[in-house]
Amino acid sequence: MVTKWRPFHLVVFGASGFTGQFVTEEVAREQVDAQGGSGLPWAVAGRSREKLLQVLERAALKLGRPTLSSEVEIIVCDITNPASLDEMAKQATVVLNCVGPYRFYGEPVVKACIENGASCIDICGEPQFLELMYWKYHEKAAEKGVYIIGSSGFDSIPADLGVIYTSNKINGTLTAVESFLTIHSGPEGLCIHDSTWKSAIYGFGDQRSLMRLRKGANLKPVPTVGPKLKRRWPVSYCRELGSYSIPFMGADVSVVKQTQRYLHENLEQSPVQYAAYVTVGGITSAMKLMFAGLFFLFFVKFGIGRQLLIKFPWLFSFGYFSKQGPTQKQIDASSFTMTFFGQGYSQGSSPDASKPNIRICTQVKGPEASYVATPIAMVQAAMTLLNDASDLPRAGGVFTPGAAFSRTKLIDRLHQHGIEFSVISSSEV
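Here the structure is a predicted model, which means the values were calculated and not measured.

(A) Expanded view of the layout of surface pockets. Approximately 670 Å³ is the volume found for the second largest pocket. As for the second largest pocket, its lining consists of 24 residues, and the residues nearest its centre are Glu-178, Arg-232, Glu-240, Gln-343 and Arg-359. Elements supplying a minimum of two residues to the lining of the second largest pocket: strand S7 (172–184), strand S9 (236–238), strand S13 (335–346), strand S14 (358–367) and strand S16 (420–428). Class assignment for the residues of the lining of the second largest pocket results in ten nonpolar, five polar and nine charged.

If you want it as structure tokens, here you go:
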């Protein structure tokens, strides 16, 4: 991508938010890696200069870089002021948008970036926003030659690129994959900031809008290759992992399906069926989480229910979400493993005449998901956008991570930064 005529390669918008501060720290680390700090001009952006300066000062203290706050520019802009967003976008090659919930605050940033020739990466896990941006802005972004890439954090780079990695590693044609997410925590347990909780509340509370959007799109079905992937029960046992599991309610399935459609329609690749689950340990934990999920889905249907869920995140999430977010100890002690079980056909075998005869197991492993892995994924996606231009889709547009980065070196970059992709086993049946 051409960067010379823009003062900043990267601008972190929403840098003073809870997740934004971690993204800011990760960009500062990447700046050191980029030719000793001289190769990555960047800035932070948001409503309050004072808060942005405080974020830079905290990052400087944490990273042992006392001059950081004087090295990084500050751009004051507000989501409610389109002119200020335009000024920010004019100065950036890539905007890292950390301001959510995206259903409320994401579109003005996308619009400003496209109109002013900047690419944009977000960490949205809201399928409705992601799919709406595609239908509204894909052609406009393509005309401008800019890339709008959603879900570039833990939602959904490990899943989306994990499926692509599995497809690349199987000795034949991959036709179906199930992923199982396992979250590991330390003695102080897990906690997530309530901004993620709010996004989930608004998303599940407005499922009808997503259904209308998909119905209106009137897309022809992606062909199913091989036997149709059977969905598991709401609580099922994964023998290979020795754990019960429940369906994963994040954006991964939506994102992977969009990617597989793109790869099939544009690159003529065989589409992969996909289902996502999260492991929960024993049957008691599984039943508790299932009932908690049903309780949540009931409450989000009603206005008063949504208000209660938003006001008391710690109570209604059984301590998993809070307005304070996790402590540094909780972050340091957490990690994730995403295991993929795939099946397909060896070279020379026909999906039309036989059952799948090859299986593969792969894994993506990394540090704490929300505030370590997400910033790593987002920043490395941005660096890939800056440095691997020849491997990106030929024209710009609105893309999922897999659609944008399937032919780039992003997996290698992630591996170098602690998000590791590996093959566990592969065998013919």
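(B) Representation of the pattern of salt bridges within the structure. This structure, assessed with the given rule, holds 15 salt bridges. For Glu-25, the salt bridge identified is with Arg-29, shortest N-O distance 3.9 Å. A residue pair is termed a helical-turn pair when its members lie 3 or 4 positions apart in one helix, as Glu-25 and Arg-29 do in helix H1 (residues 18–33) at four residues. Note that Glu-26 and Arg-29 form a salt bridge whose closest N and O atoms lie 3.0 Å from each other. Of this pair, Glu-26 and Arg-29 both sit in helix H1, three residues apart, which is roughly one turn of the helix. Salt bridges sharing common partners tie together Glu-25, Glu-26, Arg-29 and Lys-62.

(C) Fine view of the packing of aromatic side chains. In total, this model carries 22 aromatic pairs according to the counting rule given. When the ring of Tyr-102 is compared with that of Phe-129, the centres are 5.8 Å apart and the planes differ by 35°; the resulting orientation is tilted. One end of the pair, Tyr-102, is in helix H5 (residues 102–105); the other, Phe-129, is in helix H7 (residues 127–144), with 27 residues separating them in the sequence. For Tyr-102, a relative accessible area of 5% gives the class buried. Residue Phe-129 is classed as buried on the basis of its relative accessible area, which comes to 6%.

(D) A look at empty space enclosed by the protein. In this structure the tally under the stated criterion is one cavity of 30 Å³ or more. Lining the largest cavity, in full, are Tyr-262, Leu-267, Asp-391, Leu-392, Pro-393, Ala-403, Ala-404, Ser-406 and Arg-407. Classifying every residue of the lining of the largest cavity gives six nonpolar, one polar and two charged.

Definitions and limits used
Residues numbered from 1 in each chain as written. Predicted model: local features only at pLDDT ≥ 70, side-chain atom pairs only at ≥ 80, totals over all residues. Heavy atoms only, no water. 1 Å grid on protein atoms, 1.4 Å probe; cavity = no way out; pocket = protein on both sides within 12 Å on 5 of 7 lines; lining within 4 Å. Points joined across faces, edges and corners; volume = space filled by probe spheres on them. Helix = DSSP H or I, 4+ residues; strand = E, 2+ residues; numbered from the N terminus. Nonpolar A, V, L, I, M, F, W, Y, C, P; charged D, E, K, R; others polar. Salt bridge = Lys/Arg side-chain N within 4 Å of Asp/Glu carboxyl O. Phe/Tyr/Trp six-rings, centres within 6.5 Å; stacked < 30°, edge-to-face > 60°. Buried < 20%, exposed > 50% of the residue type's maximum accessible area, 1.4 Å probe, protein only.

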